[in-house]
Amino acid sequence: MLTIGEVCVRATKMLEARGISEPRNNAELLLLHVLGMERAALIRDWRDPFPQQHAAEWEALLARKAAGEPVQYLIGEQWFYGLPYQVTPAVLIPRPETELLVEAVLEAADKLWPEAAGSDACMPTVVDVGTGSGAIGVTLATLRPRWRVCASDLSPDALAVARTNAESHGAAARMTFVQGDLLGPFAQLRPGEHHDAPGSVAGLRIDVLVSNPPYIPAGDIAGLQPEVRDHEPRLALDGGDDGLTPYRRMAEQLLQLSSLPRIVGFELGMGQAEAVADLLRGIGAWREVRIIPDYAGIDRHVLAVE
């Protein structure tokens, strides 16, 4: 009978032979999930026999991983900003670099709306456009309970995942979830228009706008890593011909809001930072528009602050 450690080593070698990136990490994550244990317990029980009652589930998940499915979808979870998030194939898997966007928004907003000063009515209204799993919006609502956070997405399936994550972190009661395309649901009504539907957010004053929209140029999707190309939702990847379509549309839609946000934070793709920064500079509403690099030194975020 194989030990847990031997099963892990064999799986690592098999995944490596199949060309799967980070084979050891993938094998360990699957083992932790199947055995229902923490990493410290895995080390502790390394030489224990592998429990045969889990063999069928283990073999099935390992085969799917070897075929290229993202391990996060297989185990149904990805950690983001120190919090566990449910993920399904309906949503993009949260990336570590997006945590830097959350940090930048928190830092800028805390200067404009100090938590220790003012009433709840003086706290900002934050909108997370294209929320997906809710990683950005739910994290902000969790870390700043006095903020009003609205999360929107074009996909109803993605919104269902975001709601689940908000509930698991105790933030659902303080959040609003809206289905719609980019800033469309938040545009102020034109003369003669009426929108009396419950939960309508037309004309909502947005103090902080944050978004990680699709930014991959359509022609580049075929060349993406297979785990991304074949399994993550294309709706969350395809940013149009040059990847900048969502940013251009949001720049136009900003002028349809009841007022311009005091903070705008966007995540973007490689080589897109200056173009997106120029879009915001062209509006001329913010004192500072700066570019923030990610952990690899790639210009990854643009932050505009009043």
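Coordinates for the structure precede this section.
Not measured: the values here are computed from a predicted model.

Enquirer: Which residues make up the overall build of the protein chain, and what values do they have?
Expert: Scanning the protein chain for helices and strands turns up 11 helices and nine strands. For the protein chain, the spread of C-alpha atoms along the three principal axes comes to 75 × 45 × 35 Å. Classification of the 306 residues of the protein chain by burial places 50% in the buried group. Considering only contacts in the protein chain between residues 6 or more positions apart, those separated by 24 or more positions represent 65%. Side-chain charges in the protein chain split into 27 positive and 41 negative, and the spacing between the mean points of these groups amounts to 2 Å.

Enquirer: Go over the environment of Gly 243, please, and point to the residues and values.
Expert: Structurally, Gly 243 is set in the loop between α9 (226–231) and α10 (245–254). The exposure class of Gly 243 is buried, given its relative accessible area of 0%. Between the C-alpha atom of Gly 243 and that of Arg 47, which follows or precedes it by 196 residues, the distance is 49 Å. In contact with Gly 243, not counting residues within four places along its chain, are Pro 214, Tyr 215, Ile 216, Pro 217 and Gln 272.

Enquirer: Run through unusual backbone geometry, naming residues and quoting values.
Expert: Not every positive phi belongs to a glycine, and Glu 22 is a case in point at roughly 50°. The residue Glu 22 is located in the loop between α1 (4–17) and α2 (23–35) in this model. The phi dihedral of Tyr 81 is positive, around 55°, even though this residue is not glycine. Inspection of the secondary structure puts Tyr 81 in the loop between β1 (77–80) and β2 (83–86).

Enquirer: Run through the packing of aromatic side chains, naming residues and quoting values.
Expert: As enumerated under the stated definition, the model contains four aromatic pairs in all. Ring centres of Phe 50 and Trp 58 lie 6.3 Å apart, and the angle between their planes is 50°; this geometry places the pair in the tilted category. Each member of the pair, Phe 50 as well as Trp 58, is classed as buried. Joined through ring pairs, the aromatic side chains of Phe 80, Tyr 81 and Tyr 85 make up one cluster.

Calculation criteria
Residues numbered from 1 in each chain as written. Predicted model: local features only at pLDDT ≥ 70, side-chain atom pairs only at ≥ 80, totals over all residues. Heavy atoms only, no water. Helix = DSSP H or I, 4+ residues; strand = E, 2+ residues; numbered from the N terminus. Buried < 20%, exposed > 50% of the residue type's maximum accessible area, 1.4 Å probe, protein only. Contact = heavy atoms within 4.5 Å. Lys, Arg positive; Asp, Glu negative; His and termini not counted. Charge placed at Lys NZ, Arg CZ, Asp CG, Glu CD. Phe/Tyr/Trp six-rings, centres within 6.5 Å; stacked < 30°, edge-to-face > 60°.

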